[in-house]
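# Understanding the architecture of this molecule
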Amino acid sequence: CVATSSFFSLIQGPPGTGKTTTLLGLLTVLLLSGKGRGDDQDATDSRAQGSDRSGSESRGQHVLLCAPSNAAVDEVAMRLKDGLAVRGRSQKYLPKVVRIGAKGQMRADVWEAVGLDRMVEKRVAKEEAEDARARKEGQQGMQQLEAEV
């Protein structure tokens, strides 16, 4: 059963009836609709499998996905992270995925791959490592200058 309005869609049914598959199909169409991106060709090519997720792609659609269980959200989040099939499955569209929630309520693989807090931790650690490397290089440069003088 699907109920829709201009801003809300509800998909419900018993287990094994294709709700997740249907949802992924709808997300593929929505995310590749070209609204605010140019044509479908550009949208597909800019995020084709193997492309850099952190690249400077044009901004696309934003989707908030909610489900009655954490397990359902985790399943969809990981399938989205793995990519959406486009062009007869010969290519994959790799949307940016962020899973919001408490660490204890997410599967470990979801937390590591797309958990918001984990993404922030990784980003902070990367920036701290870059800062430490830059400080070390600066100190080495100063030591070389002192040795030359």
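What this report covers is the structure whose coordinates are included nearby. Not measured: the values here are computed from a predicted model. (Residues numbered from 1 in each chain as written. Predicted model: local features only at pLDDT ≥ 70, side-chain atom pairs only at ≥ 80, totals over all residues. Heavy atoms only, no water.)

### Details of the overall build of the protein chain
In plain terms, the rule: Counting from the N terminus, the helices are DSSP H or I runs at least four residues long and the strands are E runs at least two residues long. Relative accessibility thresholds used throughout: buried, under 20% of the residue-type maximum; exposed, over 50%; partly exposed, between the two (1.4 Å probe, protein chains only). A contact between two residues is defined here by any heavy atoms of the two lying within 4.5 Å. The protein chains shown are the only cover counted for residues, whose accessible areas, like all others here, come from Shrake-Rupley with a 1.4 Å probe.
What the protein chain contains, in helices and strands, is five helices and four strands. In the protein chain, the succession of helices and strands from N to C terminus is β-β-α-α-α-β-β-α-α. For the protein chain, buried positions account for 21% of its 149 residues. The long-range share in the protein chain, meaning contacts at least 24 apart out of those at least 6 apart in sequence, stands at 50%. As displayed, the protein chain has an accessible area near 10600 Å², and 54% of this comes from carbon and sulfur atoms.

### Topic: the nonpolar core
Note the following rule: Only buried residues count toward a nonpolar core. Its members are Ala, Val, Leu, Ile, Met, Phe, Trp, Tyr and Cys residues joined through side-chain atoms within 4.5 Å.
Counting residues in each nonpolar core, the largest one holds 17 residues, and the members touching the most others are Leu80, Leu84 and Tyr93. Among the elements of the structure, α1 (19-31), α3 (70-82), β3 (84-86) and α4 (108-114) are those that each provide at least two residues to this core. In this structure, Leu84 is in contact with Leu24, Leu27, Thr28, Leu31, Gln91, Lys92, Tyr93 and Pro95, ignoring residues within four places of it in sequence.

### A closer look at the packing of α1 against α3
Keep this limit in mind: For helices, the fitted line uses only the C-alpha atoms of the stretch in contact; every axis is such a line through C-alpha atoms, and the angle between N-to-C directions lies from 0 to 180 degrees. The labels follow the angle: roughly parallel below 35 degrees, roughly antiparallel above 145, roughly perpendicular from 65 to 115, and oblique for the rest. It is the rotation of the near helix from the far one that decides the hand of a crossing: anticlockwise by less than a right angle makes it left-handed, clockwise makes it right-handed.
Interhelical geometry of α1 versus α3 gives an angle of 45 degrees and a closest axis separation of 11 Å. One way to sum up the angle between α1 and α3 is to call them oblique. As for the relative orientation of α1 and α3, their crossing is right-handed in sense. When α1 is examined against α3, the residues Thr20, Thr21, Leu23, Leu24 and Leu27 are found in contact with a partner set consisting of Val76, Arg79 and Leu80.

### Some thoughts on the side chain of Thr28
Turning to its location among the elements, Thr28 is positioned in helix α1. For Thr28, a relative accessible area of 14% corresponds to the buried category. Ignoring any residue separated from it by four or fewer positions in sequence, one finds Thr28 in contact with Leu84, Ala85 and Val86.

### Some points on a nonpolar patch on the surface
For clarity, the cut-off: Surface patches are defined over residues having more than 30% relative accessible area and no salt bridge, joining like charges when they lie within 9 Å and nonpolar side chains (Val, Leu, Ile, Met, Phe, Trp, Tyr) when within 5 Å. Salt bridges are defined by distance alone: a side-chain nitrogen of Lys or Arg within 4 Å of a carboxyl oxygen of Asp or Glu.
Side chains of Val98, Ile100, Leu116, Met119, Val120 and Val124 sit close together on the surface and give an oily, nonpolar patch of about 500 Å² of accessible area. Position of Leu116 relative to the elements: it lies in helix α5 (residues 116-148). Leu116 sits in the partly exposed class, given a relative accessible area of 35%.

### Some points on the pattern of salt bridges
Overall, the coordinates contain ten salt bridges when judged by the stated rule. Between Asp82 and Lys81 there is a salt bridge, with its nearest N and O atoms 3.7 Å apart. For Lys81, a relative accessible area of 25% puts it in the partly exposed group. Each of the salt bridges in this network shares a partner with another, and the network as a whole consists of Glu75, Arg79, Arg107 and Asp109.

### Describing α3
We apply this condition: In a helix, the anticipated span is given by 1.5 Å times the number of residues less one.
An ideal rise of 1.5 Å per residue puts 18 Å on 13 residues; α3 measures up with 18 Å between its terminal C-alpha atoms. Along α3, the residues that are buried comprise Val73, Asp74, Val76, Ala77, Met78 and Leu80. The positive-phi residue at the C-terminal boundary of α3 is Gly83, with phi of around 110 degrees.

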